[in-house]
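What follows is the residue order along each chain.
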Amino acid sequence: KALLTSLKLCSLCGATFFLALCMDIVSLSALPLLIAYGGVARCWKMFLRSLYTLLLLFQGKKYNTLRSRVDHHNFDLEELLMGVVLLSVVVFLFPSI
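Given the structure is predicted, the values throughout are model-derived calculations rather than measurements.

S.K.: Sorry if this is basic, but what is going on with the environment of Val 84 here?
M.R.: Assignment of secondary structure puts Val 84 in helix α4 (residues 77-93). The partly exposed category is assigned to Val 84, whose relative accessible area is 43%. For Val 84 and Tyr 63, which are 21 residues apart along the polypeptide, the C-alpha to C-alpha distance reads 18 Å.

Okay, structure coming up:
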């Protein structure tokens, strides 16, 4: 019965219309996977950026966004301690992402 209705649809609009309709249904059903992939990719990129920034912190460097380069900077003790805490959180959460 389903084959007969699909053949009727093909005879009415053509086989390419039927194939295009099937491809649209498949792409719409894969949309939630694409959205989940985008969220995971953003989390991964954020973790990598934060890890790079914290590693620069321990080298005494800082990324200058205006000049798009890495400059030297003298950090306070509080900033370094906060960097240690954040680096430990990032390193221990990194395998779970």
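S.K.: Even after reading the chapter, I still don't get a nonpolar patch on the surface, so can you show me in this structure?
M.R.: Judged by side-chain polarity, Leu 28, Leu 31, Leu 34, Ile 35 and Tyr 37 come together as a nonpolar surface patch covering roughly 590 Å² of accessible area. The dominant element in the nonpolar patch, judged by the number of residues it contributes, is helix α3 (residues 31-58), at 4 residues.

S.K.: Would you take a moment to explain the pairing of strand β2 (residues 69-72) for this structure?
M.R.: Look at any regular strand and the pattern is simple: side chains alternate between the two faces of the sheet. Summarising the sheet, strand β1 (residues 61-64) and β2 pair through 4 bridges and their orientation is antiparallel. Across the sheet, Tyr 63 pairs through a bridge with Val 70, a residue of β2. Taking the residues that link successive antiparallel strands as the turn, the β1-β2 hairpin has 4 residues, and the phi of Ser 68 there is positive, at about 55 degrees.

S.K.: Sorry, what's going on with the nonpolar core here?
M.R.: One broad trend across soluble globular proteins is that nonpolar side chains are buried collectively. Counting 5 residues, the largest nonpolar core consists of Phe 47, Leu 54, Leu 57, Leu 87 and Val 90. Contributing elements (two or more residues each) for this core: α3 and α4. Top contributing element to this core by residue count: α3, with 3 residues. Not counting residues up to four positions away in its chain, the partners in contact with Leu 87 are Leu 51, Leu 54 and Phe 58.

Cut-offs and rules
Residues numbered from 1 in each chain as written. Predicted model: local features only at pLDDT ≥ 70, side-chain atom pairs only at ≥ 80, totals over all residues. Heavy atoms only, no water. Helix = DSSP H or I, 4+ residues; strand = E, 2+ residues; numbered from the N terminus. Buried < 20%, exposed > 50% of the residue type's maximum accessible area, 1.4 Å probe, protein only. Patch = residues over 30% accessible without salt bridge, like charges linked within 9 Å, V, L, I, M, F, W, Y side chains within 5 Å. Areas by Shrake-Rupley, 256 points an atom, 1.4 Å probe, with all protein chains shown as cover. Salt bridge = Lys/Arg side-chain N within 4 Å of Asp/Glu carboxyl O. Pairing = 2+ DSSP bridges. Core = buried A, V, L, I, M, F, W, Y, C linked by side-chain atoms within 4.5 Å. Contact = heavy atoms within 4.5 Å.

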